[in-house]
Amino acid sequence: PLRDYCPGCGSVDVEERPLGPRARVVGTSAVLHPAPGSLVAAPYTVALAAFAEGISVLGVVDGAAFEDVALGADVVATVVDLEGRLGYHYRLDGPA
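Residues numbered from 1 in each chain as written. Predicted model: local features only at pLDDT ≥ 70, side-chain atom pairs only at ≥ 80, totals over all residues. Heavy atoms only, no water.

1. Let's talk about the nonpolar core
Argument step 1. Ranked by internal contacts, the top residues of the largest apolar core, which has 14 residues, are Val-25, Phe-51, Val-75, Tyr-88 and Tyr-90.
Argument step 2. Where this core is concerned, the elements lending two or more residues are β1 (22-31), β2 (44-51), β3 (56-61), β4 (74-82) and β5 (85-92).
Argument step 3. By residue number, the principal contributor to this core is β2, which donates three residues.
Argument step 4. Those residues in contact with Val-25, other than ones at most four positions away along the chain, are Ala-47, Leu-48, Ala-49, Val-69, Ala-70, Leu-71, Gly-72, Ala-73 and Val-75.
Argument step 5. Within the second largest apolar cluster, five residues are counted, among which are Val-31, Val-40, Tyr-44 and Val-46. (Core = buried A, V, L, I, M, F, W, Y, C linked by side-chain atoms within 4.5 Å. Buried < 20%, exposed > 50% of the residue type's maximum accessible area, 1.4 Å probe, protein only. Helix = DSSP H or I, 4+ residues; strand = E, 2+ residues; numbered from the N terminus. Contact = heavy atoms within 4.5 Å.)

Printed below as a string of structure tokens:
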């Protein structure tokens, strides 16, 4: 989802760039106990996915257990609206 600032440095000098739907998993974590107010029921898997456009984005992996999400796995991204908050969700797309 588009942001009006850089979460890395805080700069507001940003430009909009579209991302393709495909990415590759470069990190994973299992969430067993969600933070208060979480809009996703635990347990679930999150992945850091690297896009060809040069950015990596954290998102929820739908329909896959933690042990089934390998580093290097290809994923397809979708943007999901959870009660007015946009976030990335991924689904596995073929072998790692």
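Alright, that's what it looks like, and here's the rest.
2. What to know about the pairing of β5
Argument step 1. Taken together, the two bridges between β3 and β5 define a ladder with parallel strand orientation. Looking at β5, one finds that Val-60 is bridged to His-89.
Argument step 2. Remark: two residues form the turn of the hairpin made by β4 and β5, two consecutive strands paired antiparallel; Glu-83 in that turn has positive phi of roughly 55°. (Pairing = 2+ DSSP bridges.)

3. Let's talk about the packing of aromatic side chains
Argument step 1. Counting across every chain of the model gives two aromatic pairs.
Argument step 2. Plain terms: the ring middles of Tyr-88 and Tyr-90 are 6.4 Å apart, the flat faces sit at 25° to each other, and that makes the pair stacked. Grouping residues by exposure puts Tyr-88 and Tyr-90 together as buried.
Argument step 3. Each residue in the set Phe-51, Tyr-88 and Tyr-90 is aromatic and connected to the rest through ring pairs, giving one cluster. (Phe/Tyr/Trp six-rings, centres within 6.5 Å; stacked < 30°, edge-to-face > 60°.)

4. A short note on the side chain of Thr-45
Argument step 1. Structurally, the position occupied by Thr-45 is in strand β2.
Argument step 2. Given the relative accessible area of 2%, Thr-45 is considered buried.
Argument step 3. Of the polar contacts made by the side chain of Thr-45, one reaches the backbone nitrogen of Phe-66; its length is 3.1 Å.
Argument step 4. Ignoring sequence-local partners within four residues, the contact set of Thr-45 consists of Ser-29, Gly-59, Val-60, Val-61, Ala-64, Ala-65, Phe-66 and Val-69. (Polar contact = N/O pair within 3.5 Å; in protein donor to acceptor, adjacent residues only side chain to side chain.)

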